[in-house]
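Take a look at the letters that make up each chain.
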Amino acid sequence: MITTERVRRTSGRSLNTVLRRLDSGQLLLICAAGLVALAGVAHTAAVGLERPEIAVGFGALIAVGELARLTMPGNREVAPIGAAAALGYTLLLDLSQVPLEHSALQVVAVIAVGMTAGALPHLAVGRPPRLDAMARRLLTGALLAFAFRPLAAPLYEMTKPPTQTWWPALVVMVTLIAITLLIDVLIAALLRAEQVRTAFRVAVRDEINMAFPLGAAVASSGVLLALATHSMDLVALLVFAAPLLVTQVAFRKYAGIRATYLQTVRALSRVTEVGGYVEPGHSRRVSRLAVAIGRELGMAEPELLELEYAALMHDIGQLSLRDPIPGGATVLTEPEQARRIAELGAEVIRQTGVLDRVAEVVSRQCEPITDDPPLSSRIIKVANAYDDLVGPSTDRDRGGAALERIRLSSGSAYDPHAVEALARVIDRGRV
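Rules behind the numbers
The numbers attached to residues start from 1 for each chain and follow its sequence in the written order. Only residues with pLDDT of 70 or above have their local features reported here, since the model is predicted, and side-chain atom pairs are shown and tallied only from 80 upward, although totals for entire chains, interfaces and linings are computed over all residues. Note: side-chain values were computed over all heavy atoms of the structure, leaving out hydrogens and water. Secondary structure elements follow DSSP: runs of H or I no shorter than four residues count as helices, runs of E no shorter than two count as strands, and numbering proceeds from the N terminus. Think of it in three bands: residues with accessible area under 20% of the maximum for their type are buried, residues over 50% are exposed, and the middle band is partly exposed, with areas taken using a 1.4 Å probe on protein chains only. Working definition of accessibility: Shrake-Rupley area with a 1.4 Å probe, residue cover restricted to the visible protein chains. Asp and Glu count as negative and Lys and Arg as positive, but His and the ends of the chain are not part of the count. By convention, the charge on Lys lies at NZ, on Arg at CZ, on Asp at CG and on Glu at CD. The term salt bridge refers to a pairing of a side-chain nitrogen on Lys or Arg with a carboxyl oxygen on Asp or Glu at a separation within 4 Å. UniProt positions are given in the numbering used here, feature names are shortened, and annotations may be inferred rather than shown by experiment. The pairing test for Phe, Tyr and Trp rings, Trp by its six-membered ring, is centres within 6.5 Å, and the orientation test on the planes gives stacked under 30 degrees, edge-to-face over 60, and tilted for anything in between. Counting as a charge over the ring demands two things of the Lys NZ or Arg CZ atom: a distance within 6 Å of the ring centre and an angle within 35 degrees of the ring normal. Residues count as neighbours in contact if any of their non-hydrogen atoms are within 4.5 Å of one another. Whenever a helix is involved, its axis is fitted only over the stretch in contact; in every case the axis is a line through C-alpha atoms, and angles between N-to-C directions fall within 0 to 180 degrees. Any angle between 65 and 115 degrees counts as roughly perpendicular, while under 35 counts as roughly parallel, over 145 as roughly antiparallel, and the rest as oblique. For a crossing to be left-handed, the near helix must be turned anticlockwise from the far one by less than a right angle; the clockwise case is right-handed. Residue type decides the class: Asp, Glu, Lys and Arg count as charged, Ala, Val, Leu, Ile, Met, Phe, Trp, Tyr, Cys and Pro as nonpolar, and the leftover types, Gly among them, as polar. In a helix, the anticipated span is given by 1.5 Å times the number of residues less one. Arc, as used here, means the arc of the directions from the helix axis to the C-beta atoms. The criterion is simple. A nonpolar core is a set of buried Ala, Val, Leu, Ile, Met, Phe, Trp, Tyr and Cys residues joined through side-chain atoms within 4.5 Å.

Draft legend 1. Quick look at the overall build of the protein. What the protein contains, in helices and strands, is 18 helices and 4 strands. Structurally, the protein occupies a C-alpha span of about 85 × 55 × 35 Å along its principal axes. For the protein, buried positions account for 47% of its 431 residues. Total accessible area on the protein stands at roughly 20,900 Å², and carbon and sulfur atoms take up 62% of it. The distance from the centre of the 43 positive side-chain charges to the centre of the 41 negative ones in the protein is 5 Å.

Draft legend 2. Layout of the pattern of salt bridges. Scanning the model with the defined rule gives 20 salt bridges in all. Between Arg76 and Glu301 there is a salt bridge, and its shortest N-O distance comes to 2.7 Å. On the criterion of sequence distance, the pair formed by Arg76 in strand 2 (residues 76-78) and Glu301 in helix 13 (residues 301-312) is long-range, its members being 225 residues apart. When its relative accessible area of 11% is taken as the criterion, Glu301 is described as buried.

Draft legend 3. Region of the structure containing the UniProt feature "transmembrane region" (unreviewed entry) in the protein. The UniProt record annotates "transmembrane region" (unreviewed entry) at residues 54-71, 78-98, 104-126, 138-156, 168-191, 211-228 and 234-251. Annotated as residues 138-156, this span is 100% helix and 0% strand, and its ends, taken at the C-alpha atoms, are 25 Å apart. Helix makes up 94% of residues 211-228 and strand 0%. Its end C-alpha atoms lie 26 Å apart.

Draft legend 4. Representation of the packing of aromatic side chains. All told, the structure shown has 1 aromatic pair when counted by the stated rule. Judged by centre distance (5.3 Å) and plane angle (40°), the rings of Phe58 and Tyr89 are tilted. Here the residue Phe58 occupies a position in helix 3 (residues 52-67), and Tyr89 occupies one in helix 4 (residues 80-91), the gap between them amounting to 31 residues. Each member of the pair, Phe58 together with Tyr89, is buried. The ring of Tyr414 has Lys381 lying over it, and the distance from NZ or CZ to the ring centre is 5.5 Å.

Draft legend 5. Representation of the environment of Leu170. Residue placement: Leu170 occurs in helix 7 (residues 167-195). Between the alpha carbons of Leu170 and Asp323 there is a distance of 70 Å; along the sequence they are 153 residues apart. Once you skip the residues sitting within four places of it in the chain, Leu170 turns out to touch Val223 and Leu227.

Draft legend 6. Just unusual backbone geometry, in detail. With a phi close to 50°, Arg51 is a non-glycine residue in the positive phi region. With respect to the helices and strands, the residue Arg51 is situated in the loop between helix 2 (24-47) and helix 3. Phi at Asp372 is positive, roughly 55°, even though this residue is not glycine. You can see Asp372 is positioned in the loop between helix 15 (356-363) and helix 16 (375-390).

Draft legend 7. Spatial organisation of the packing of helix 6 (residues 131-159) against helix 7. In contact at an axis separation of 10 Å, helix 6 and helix 7 are set at 165° when each is read in the N-to-C sense. Judged by the angle between their axes, helix 6 and helix 7 are roughly antiparallel. Crossing of helix 6 against helix 7: the hand is right-handed. For the contact of helix 6 with helix 7, the per-class residue count stands at 17 nonpolar, 4 polar and 3 charged.

Draft legend 8. Inspection of helix 17 (residues 396-409) at higher detail. For helix 17, with 14 residues, the first-to-last C-alpha span of 20 Å sits near the 20 Å given by 1.5 Å per residue. Where helix 17 is concerned, the buried positions are Gly399, Ala402, Leu403 and Ile406. Here the buried residues of helix 17 occupy an arc of 100° about the axis, which is enough to place them on one side. In this structure, helix 17 carries Asp397 and Leu408 as exposed residues pointing more than 90 degrees from its buried face. In this structure, the buried side of helix 17 is in contact with helix 16 and helix 18 (416-428).

Draft legend 9. Quick peek at the nonpolar core. In terms of nonpolar packing, the biggest core is built from 60 residues, with Leu91, Leu93, Leu138, Phe148 and Ile177 touching the most fellow members. The leading source of residues in this core is helix 6, at 10 residues. If we skip the residues at most four places from it in the chain, Leu91 touches Leu144, Phe148, Arg149, Met173, Ile177, Gly222, Val223 and Ala226.

Draft legend 10. Structural view of the side chain of Ser377. Structurally, Ser377 is set in helix 16. A relative accessible area of 0% means that Ser377 is categorised as buried. With residues near it in sequence (within four places) discarded, Ser377 still touches Glu360, Val361, Arg364 and Gln365.

The following block contains the structure:
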């Protein structure tokens, strides 16, 4: 009884925390998904399940996929197995030469119940799912179901003997999936643009580069699952679940490696703070400010990740100094000394053997604009100068004075575009 009560309280607190973090766009998406799910469940409960054994089989695979969900780089929550199973059930035309006539609302109900069942164990242990990500997956499946299921019967007739051609069905499947993936990318970009405070066009580009390949792979798996079930019955669920699970394990390891990299870099960046070379929190503040400026300037997500690494370790070269700079403020030192610190820091980073591009960004952060350093280097120089002058202070007058000082030096010491992006970031509170 005590354990049950504790689980209930933990789940309630976790859910409340998630809800408080949602913006208006996310809430609208969740409400829309909730209404669609409610309509699907109510309709299915009223008319009954069509071929319940098939619905239960696919629903169970969706639940397993939701249970095994993972977070990819960029804080993107995905459930490849569940998404592939939902696609397979949506596109299913027949089983053992018997046509399947389940409606789009039944598809929505199966997806909703399967996702909920897979999310409950996470919620019970205080690890709530991303409600906006779940809502997006549900709405994407619903859109495809409402577009495809009315065409299922005519397409099945085309695949029957004596013609028995699958090309029309495949063309319709691929076309509708492509349209659905495009809509999903646009929805994800709208949400991400609001969450990370970036331009919509930049968010669209990042979603296409980062999320679209995984979506295409999941879509292919869903089509193959639907086609395999045509000849293999429900055994296809077991046959396809194994390779999908292996693929998901590989994705999880990749995401884990990326997360470990970032944690390691953050830990390394704190060495200068622990040693008293820079003010506490300086590296983290410069990193956040640099990433915000990079987003303002339209940098792509992989470039932002490198920028974050470089900004976190931009002062690592100060460990070579016998006498620390007062407050660690390199903006107040001679240009030659600042350049030497940057080069020494870059040499330390190169020793890792895997961050050569980050090392180049760090090494060139103190170069004059006339030498045409990389954009990331110019951004770090501006962000570092601002934090050296302001620190953790939230005083707007102090921040304004620091920004004006940097602006007066722009054109020779600082990139004017980065400085103006800094001004917009500060003005909008994007850090």
